[in-house]
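One letter stands for each residue in the lines below.
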Amino acid sequence: MHDQPVIATSDLSAHVGSTVVLRGWLYNKRSSGKLHFLELRDGFGTVQCVMAKSDVGDEVFAAADKVTQESVIDVVGEVKAHPKRAGVYEIAASAFRVLASTTGEYPISPKEHGTDFLMDHRHLWLRSRRQHAILRVRHTIIQAVRDFFDGRGFTLVDAPVFTPNACEGTSTLFQTDYHGEKAYLTQSGQLYMEAAAAAFGKAYCFGPTFRAEKSKTRRHLAEFWMVEPEVAFMDLAGDMDLAEDFLCFIVERVLERRRPELAVLERDVGKLEAVKKPFPRIRYDEAVAILNEARAEKRKMAGESEIPDFPWGEDFGGEDETIISGRYDRPVMIHRYPAQVKAFYMKRDPTDDRLALCVDVLAPEGYGEVIGGGQREDDLATLERAIEAHRLPPEAFGWYLDLRRYGTFPHAGFGLGIERSVAWICGLPHVRETIPFPRMLNRLSP
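Residues numbered from 1 in each chain as written. Predicted model: local features only at pLDDT ≥ 70, side-chain atom pairs only at ≥ 80, totals over all residues. Heavy atoms only, no water.

- If you look the protein chain up in an unreviewed UniProt entry, it shows as Asparagine--tRNA ligase from Sorangium atrum.
- Turning to the protein chain, the UniProt record has this under Subunit (unreviewed entry): "Homodimer."
- Here the protein chain is described in UniProt, under the heading Subcellular location (unreviewed entry), as follows: "Cytoplasm". (UniProt positions renumbered as here; feature names shortened; annotations may be inferred.)

Here it is, written out as structure tokens:
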């Protein structure tokens with residue numbers, strides 16, 4: 001083998017016409033007479049290595065014929081640009097070596113496999129081209145999240161995973177024993193970010209969150225990642241502006257850096273290019289009117305008078321969100337929901353006490369809510385009554401109420417779920433592919 005340093009497939013464009021060494025895993029192989037076509041992946045990309053028997057000799061050619069999928073290999077060869085496909089390169093192989101063979105047939109072959117089988121082999125499925133593309137996009141989204149807030153004066157403040165209290169309601173908490181005390185896995189870092197906003201003005205946390213709801217929908221995971229900014233002296237309008245800028249920044253970054261991956265996923269990038277300001281902003285009442293219009297049309301088409309109107313005061317389900325977002329080619333912001341369907345800490349609308357100063361941002365194409373947030377209640381007495389009305393243990397919220405006792409201030413923020421955002425931007429049918437090792441209702445492994 002040659003003495004040149006090993007290069008990455010992502011650097012091939014800088015070595016056209018040169019002989020290089022590549023090291024990685026055999027992704028696929030096919031042969032045609034006296035030619036082998038070895039597809040090598042190295043974690044940075046894949047490249048086809050064309051091996052002619054006349055160039056490497058009988059022994060090496062025979063060894064390449066026997067190499068198995070996912071064996072670790074070295075390939076030496078000249079880098080050549082594809083004659084018809086810009087940005088695509090291949091290797092004219094002149095030497096080859098097997099560094100580690102597989103000990104049996106690789107479980108995930110190029111044939112079709114069922115979802116359960118692939119999920120059972122998630123640790124290996126990650127190596128496939130599609131999964132590789134998805135997680136590259138996820139990486140870029142996470143990088144964009146940090147760049148957005150870091151570039152706008154926010155301070156990253158980590159929130160704890162173990163908490164003594166509920167943030168989004170007690171029915172979806174994972175309870176655990178904490179040295180003899182009852183504790184929960186966090187549903188959200190938001191309450192802690194309210195404390196951070198009082199200290200830093202603009203703060204955000206970014207980490208795993210947990211929901212114990214027994215849901216099997218394509219939008220839900222038991223463990224997911226969420227970013228939650230909180231800003232002092234910001235109202236609902238400012239919160240909506242921030243969320244709008246944030247989503248546009250993320251989508252623009254993915255379009256800028258991950259078009260090859262979006263092509264692998266066969267994503268219609270035209271739908272992402274439409275994600276521009278301004279986003280439509282509609283009140284809850286207007287969203288209900290859209291649903292009732294759709295239901296009236298359904299009654300007319302199906303001749304079913306039993307289909308009722310959407311009841312004012314209820315939260316929207318997944319199908320409802322799909323109908324509403326289907327009216328728009330970009331995310332839609334729905335604000336001022338009934339306070340009864342929102343968390344205890346949401347501030348009431350001073351012009352209509354039935355409503356909360358909150359906003360949900362629905363992604364287009366039926367991907368549902370990707371952002372939820374709003375203005376927080378900053379009055380101590382009002383917040384105490386809300387905790388009591390929601391039958392939450394007041395002793396668990398003593399520190400939270402201190403934020404209103406000692407220098408209360410208007411503030412607002414939101415949470416964005418990474419997995420739903422990845423599903424939307426990649427155009428995936430289910431969130432289980434958006435995280436390396438998903439945790440769902442009936443899955444705790446691998």
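Still more ground to cover, so stick around.
Regarding the side chain of Thr-163
In step 1: The residue Thr-163 is located in strand S7 (residues 162–163) in this model.
In step 2: Accessibility expressed as a relative area gives 4% for Thr-163, which makes it buried.
In step 3: Residues in contact with Thr-163, not counting those within four places in the same chain, are Ala-183, Tyr-184, Thr-186 and Tyr-192. (Helix = DSSP H or I, 4+ residues; strand = E, 2+ residues; numbered from the N terminus. Buried < 20%, exposed > 50% of the residue type's maximum accessible area, 1.4 Å probe, protein only. Contact = heavy atoms within 4.5 Å.)

A look at the pairing of strand S11 (residues 223–232)
In step 1: Counting buried residues along S11, eight of its 10 residues qualify, which places the element largely inside the surrounding structure.
In step 2: Pairing analysis gives five bridges linking S11 to strand S18 (residues 411–417), with the strands arranged antiparallel. Looking at the pairing, Val-231 lines up with Ala-412 of S18. (Pairing = 2+ DSSP bridges.)

Observations regarding the sheet that holds strand S3 (residues 46–52)
In step 1: Taken in spatial order, the five strands of this closed barrel run S1-S2-S3-S5-S4, and their pairing is mixed. Each adjacent strand pair in this sheet contributes to an overall mean axis angle of 55°, direction not counted.
In step 2: When strand S4 (residues 72–81) meets strand S5 (residues 89–100), the two strands line up antiparallel, connected through 10 bridges. Pairing of Gly-77 across the sheet is with Ala-93, part of S5. (Axes fitted to C-alpha atoms, helices over the stretch in contact; angles between N-to-C directions.)

Observations regarding the packing of aromatic side chains
In step 1: Counted under the stated rule, the structure contains 21 aromatic pairs.
In step 2: Residues Phe-246 and Phe-414 carry aromatic rings whose centres are separated by 5.8 Å and whose planes lie at 35° to one another, so their mutual orientation is tilted. With Phe-246 in helix H6 (residues 236–257) and Phe-414 in strand S18, this residue pair connects regions lying 168 residues apart in the sequence. An identical accessibility class is assigned to Phe-246 and Phe-414; each is buried.
In step 3: Ring geometry for Phe-397 versus Tyr-400: centroids 6.4 Å apart, planes at 65°, classification edge-to-face. Each member of the pair, Phe-397 together with Tyr-400, is buried.
In step 4: Of the aromatic side chains, those joined through ring pairs into one cluster are Phe-148, Phe-149, Phe-154, Tyr-204, Phe-246, Phe-249 and Phe-414.
In step 5: One cation-aromatic arrangement involves Arg-218 over Tyr-367; the distance from NZ or CZ to the ring centre is 5.8 Å.
In step 6: The positively charged end of Lys-342 is found above the aromatic ring belonging to Tyr-337, 4.3 Å away from the centroid. (Phe/Tyr/Trp six-rings, centres within 6.5 Å; stacked < 30°, edge-to-face > 60°. Lys NZ or Arg CZ within 6 Å of the ring centre and 35° of its normal.)

Quick look at the nonpolar core
In step 1: In terms of nonpolar packing, the biggest core is built from 58 residues, with Ile-141, Val-145, Phe-149, Phe-246, Trp-424 and Ile-425 touching the most fellow members.
In step 2: No other element matches H6, which puts 11 residues into this core.
In step 3: In contact with Phe-246, other than residues within four places in its own chain, are Val-145, Phe-148, Phe-149, Val-227, Ile-371, Phe-414 and Leu-416. (Core = buried A, V, L, I, M, F, W, Y, C linked by side-chain atoms within 4.5 Å.)

Things to note about the environment of Ser-128
In step 1: By secondary structure assignment, the location of Ser-128 is in the loop between helix H3 (122–125) and helix H4 (129–150).
In step 2: Put simply, Ser-128 and Ile-108 are 20 residues apart on the chain and 9.0 Å apart in space, counted from C-alpha to C-alpha.

Quick look at the pairing of strand S16 (residues 358–363)
It is a general feature of regular strands that their side chains alternate between the two faces of the sheet.
In step 1: Along S16, six of the six residues are buried, which leaves the element largely enclosed by surrounding structure.
In step 2: Burial along S16 is two-sided: the residues Cys-358, Asp-360 and Leu-362 and Val-359, Val-361 and Ala-363 are all buried.
In step 3: As paired elements, strand S13 (residues 332–335) and S16 share four bridges and run antiparallel to each other. The residue bridging Met-333 from the neighbouring strand is Val-361, located in S16.
In step 4: In the sheet, S16 pairs with strand S17 (residues 368–375) via six bridges, with the strands oriented antiparallel. Residue pairing for S17: Val-359 is matched across the bridge by Gly-373.

What to know about the sheet that holds strand S8 (residues 175–178)
In step 1: If you trace the three strands from one edge of the open sheet to the other, you get S7-S9-S8, paired in antiparallel fashion. Both outer strands of the open sheet, S7 and S8, are each paired with one neighbouring strand and no more.
In step 2: As paired elements, S8 and strand S9 (residues 181–185) share four bridges and run antiparallel to each other. Pairing of Thr-176 across the sheet is with Ala-183, part of S9.

What about the environment of Leu-118?
In step 1: Looking at where Leu-118 falls in the secondary structure, it is placed in helix H2 (residues 115–120).
In step 2: A relative accessible area of 11% means that Leu-118 is categorised as buried.
In step 3: Each C-alpha atom of the pair Leu-118 and Pro-107 lies 9.4 Å from the other, and the pair is 11 residues apart in sequence.
In step 4: Dropping the residues within four chain positions of it, Leu-118 is found in contact with Ile-108, His-113 and Trp-125.

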